[in-house]
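Okay, here's what each chain looks like letter by letter:
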Amino acid sequence: MKTIIVNIDNESNAKTLSDFLKSLNYVKSVKYYSEIDSESGTIAEEDWIKPGRPATDEEFDDLIKKAEASKSIPAEDSKSQNLKKLDEWAMMNLS
């Protein structure tokens, strides 16, 4: 599967393109989001893992608050889940 990220100049055009892409049989999914969360003025969830501009102190504080409020799992469970995902990835990409 391949991912394409497209930047659109305005909301109306983005909605039109999104609707068109959803109508294509070979398109698996269409995810619509903005680079900056318009309500909070911070980096959108998806952009934390992408290179780009440095995060502001407020954005780091927001990220810390979200992390503290989120569900936590024991380190061993996390390790086993990640090793399983790594094994699955290796089977798909290194075979």
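Here goes a summary of the coordinates provided. (Residues numbered from 1 in each chain as written. Predicted model: local features only at pLDDT ≥ 70, side-chain atom pairs only at ≥ 80, totals over all residues. Heavy atoms only, no water.)

### Section: the overall build of the protein
Part 1: Counting its regular elements, the protein contains 3 helices and 0 strands.
Part 2: The secondary structure elements of the protein, listed N-terminal to C-terminal, are α-α-α.
Part 3: Taken over 95 residues, the protein has a buried fraction of 7%.
Part 4: Long-range contacts, defined here as pairs at least 24 residues apart, represent 5% of the contacts in the protein between residues at least 6 apart.
Part 5: Summed over all atoms, the accessible surface of the protein reaches about 8,700 Å², with 56% contributed by carbon and sulfur. (Helix = DSSP H or I, 4+ residues; strand = E, 2+ residues; numbered from the N terminus. Buried < 20%, exposed > 50% of the residue type's maximum accessible area, 1.4 Å probe, protein only. Contact = heavy atoms within 4.5 Å. Areas by Shrake-Rupley, 256 points an atom, 1.4 Å probe, with all protein chains shown as cover.)

### So, a nonpolar patch on the surface
Part 1: Together, L83, L86, W89 and L94 give the surface a local cluster of nonpolar side chains, amounting to about 440 Å² of exposed area.
Part 2: Mapped onto the elements of the fold, L86 is located in helix α3 (residues 75–93). (Patch = residues over 30% accessible without salt bridge, like charges linked within 9 Å, V, L, I, M, F, W, Y side chains within 5 Å. Salt bridge = Lys/Arg side-chain N within 4 Å of Asp/Glu carboxyl O.)

### Concerning the pattern of salt bridges
Part 1: Within the structure shown, the criterion is met by 2 salt bridges.
Part 2: Salt-bridge contacts for K15 lead to D19; the nearest nitrogen and oxygen are separated by 3.0 Å. Here D19 and K15 lie together in helix α1 (residues 11–22), a separation of 4 residues that amounts to about one turn.
Part 3: Given the relative accessible area of 37%, D19 is considered partly exposed.
Part 4: Among the ionic pairs, K66 bridges to D62, the shortest N-O distance being 3.6 Å. Taken together, the residues K66 and D62, both in helix α2 (residues 57–69) and 4 residues apart, mark about one turn of the helix.
Part 5: Under the relative-accessibility criterion, K66 is labelled partly exposed at 35%.

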